[in-house]
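The primary structure of each chain is shown beneath.
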Amino acid sequence: MLNFVLFGPPGAGKGTQSQKLIDKYQLIHISTGDLFRAHIKNQTLLGQKVSSLIADGQLVPDAITIAMLEEEVDKNPEAKGFIFDGFPRTVPQAEALDEFLESKGSNIAGVIALDVDQDELTKRIAQRQKETGRVDDQADKLQKRIEEYFNKTVHVLPYYQAQGKLKKVNGIGKIEDVFADLCAVIDQY
Ligand code: ADP
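What you see is a predicted model, and the numbers here were worked out from it, not measured in a lab.

Topic: helix 2 (residues 32–41)
Three or four residues apart is the spacing at which side chains of an α-helix point the same way, because the helix has 3.6 residues per turn. Looking only at helix 2, the buried set comprises Thr-32, Gly-33, Leu-35 and Phe-36. Along the axis of helix 2, the buried positions cluster into a sector of 165°, meaning they face one direction only. Buried-residue contacts for helix 2 involve strand 2 (28–31), helix 3 (45–56), helix 4 (62–74) and strand 3 (82–85).

Brief notes about the layout of surface pockets
Size it by volume and the largest pocket reaches roughly 1000 Å³. If you go around the largest pocket, you meet 49 residues; those closest to its centre are Pro-10, Gly-11, Lys-14, Arg-128 and Arg-134. Breaking the lining of the largest pocket down by element, the ones donating at least two residues are strand 1 (4–7), helix 1 (14–25), strand 2, helix 2, helix 6 (118–132), helix 7 (139–153) and helix 9 (175–187). Residue contributions to the lining of the largest pocket peak at five residues, all from helix 2. Grouping the constituent residues of the lining of the largest pocket by class yields 18 nonpolar, 18 polar and 13 charged. Its volume calculated, the second largest pocket comes out at about 170 Å³. In terms of lining residues, the second largest pocket is bounded by 15 residues, among which Pro-9, Leu-114, Asp-115, Tyr-149 and Leu-157 are the most central. Within the residue set of the lining of the second largest pocket, elements represented by two or more residues are strand 4 (110–115), helix 6 and helix 7. Looking at the lining of the second largest pocket element by element, the count peaks at three residues for strand 4.

Notes on the UniProt feature "binding site: ATP" (unreviewed entry) in the protein chain
The feature "binding site: ATP" (unreviewed entry), as annotated in UniProt, sits at Gly-11, Ala-12, Gly-13, Lys-14, Gly-15, Thr-16, Arg-128 and Gly-173 in this numbering. Taking the annotated residues in turn, Gly-11, Ala-12, Gly-13, Lys-14, Gly-15, Thr-16, Arg-128 and Gly-173 line the largest pocket. Here Gly-13 lies in the loop between strand 1 and helix 1. Those residues in contact with Gly-13 that sit more than four places away from it in its chain are Leu-114 and Arg-124.

Observations concerning the environment of Ala-55
Counting through the fold element by element, Ala-55 comes out in helix 3. Once the C-alpha coordinates of Ala-55 and Phe-84 are considered, the two residues, 29 residues apart in sequence, prove to be 22 Å apart. Leaving out residues up to four positions away in the same chain, Ala-55 has contacts with Val-135, Asp-136 and Lys-141.

Topic: the packing of aromatic side chains
According to the stated counting rule, one finds five aromatic pairs in the structure shown. A centroid spacing of 6.2 Å and a plane angle of 45° characterise the contact between Phe-7 and Tyr-149, whose relative ring orientation is tilted. Here Phe-7, found in strand 1, pairs with Tyr-149, found in helix 7; they are 142 residues apart in sequence, far enough to count as distant. There is no split in this pair, since Phe-7 and Tyr-149 are both buried. Among the aromatic side chains, those forming a connected cluster through ring pairs are Phe-7, Tyr-149 and Phe-150. Looking at Lys-20, its charged tip hangs above the ring of Phe-179, at a distance of 5.0 Å from the centre.

Points about the UniProt feature "binding site: AMP" (unreviewed entry) in the protein chain
According to UniProt, the positions carrying the feature "binding site: AMP" (unreviewed entry) are Thr-32, Arg-37, Gln-58, Leu-59, Val-60, Gly-86, Phe-87, Pro-88, Arg-89, Gln-93, Arg-134 and Arg-145. For the residues just named, distributed over 114 residues, the greatest C-alpha separation reaches 24.9 Å, placing them at more than one site. Put simply, the named residues that line the largest pocket are Thr-32, Arg-37, Gln-58, Leu-59, Val-60, Gly-86, Phe-87, Pro-88, Arg-89, Gln-93, Arg-134 and Arg-145. Of the residues examined, Val-60 reaches a relative accessible area of 7% and is grouped as buried. Excluding residues within four positions of it along the chain, Val-60 makes contact with Phe-36, Val-50, Leu-53, Ile-54 and Thr-65. Structurally, Arg-145 is set in helix 7. Using a relative accessible area of 11% as the deciding quantity, one classes Arg-145 as buried. Ignoring anything within four residues of it in the chain, the contact list for Arg-145 reads Pro-10, Gly-57, Arg-128, Arg-134, Asp-136 and Asp-137. A distance of 2.9 Å separates polar atoms of two side chains, one belonging to Arg-145 and the other to Asp-137.

Rules used throughout
Residues numbered from 1 in each chain as written. Predicted model: local features only at pLDDT ≥ 70, side-chain atom pairs only at ≥ 80, totals over all residues. Heavy atoms only, no water. Buried < 20%, exposed > 50% of the residue type's maximum accessible area, 1.4 Å probe, protein only. Helix = DSSP H or I, 4+ residues; strand = E, 2+ residues; numbered from the N terminus. Arc of directions from axis to C-beta. Contact = heavy atoms within 4.5 Å. 1 Å grid on protein atoms, 1.4 Å probe; cavity = no way out; pocket = protein on both sides within 12 Å on 5 of 7 lines; lining within 4 Å. Points joined across faces, edges and corners; volume = space filled by probe spheres on them. Nonpolar A, V, L, I, M, F, W, Y, C, P; charged D, E, K, R; others polar. UniProt positions renumbered as here; feature names shortened; annotations may be inferred. Phe/Tyr/Trp six-rings, centres within 6.5 Å; stacked < 30°, edge-to-face > 60°. Lys NZ or Arg CZ within 6 Å of the ring centre and 35° of its normal. Polar contact = N/O pair within 3.5 Å; in protein donor to acceptor, adjacent residues only side chain to side chain.

Encoded structure:
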């Protein structure tokens, strides 16, 4: 299996680029944000548990998130590999993912971090809020998500850097140009 983590702050373009990557590389895309939103929409027990946290822009507790992620991976035993999007978002999640993949004789091949400055992120999310009405894209909720990102999620970068797996890609510019840069990284594997 060839597994990648697509990493970046809220609004970096992980979802957009993941969609293009799975078309090209036949990898399975797992977005924990999309999974949580589907649970909320379908009013599952899990959805009921996490909906207020997500609406507030807070991270869902690690234990819940890790269990959901592992279950999703196990639904795809034939996969050639995965693109993890929005996971791991904390160091304990990154450790759990390593342990889980190792138990399957696999690992994370590379972590691709989309680099986008704060001004551009704020603009993109304001636009997305208009288009989709995502509650957690509202200004005050977004502020909380950015705080969560800087308090908890950025620490995932040195974790993978220490493993020699971190690659940075400029996330500003045309979608096609960012995609070409991402493909150039993936093609090295
Ligand atoms: P973004 O646009 O910030 O990339 P996502 O769609 O990935 O948003 O995630 C939306 C929300 O879902 C997060 O703000 C958080 O509440 C929850 N969430 C998603 N992935 C995780 C995770 N790995 N750990 C904890 N919470 C998560």
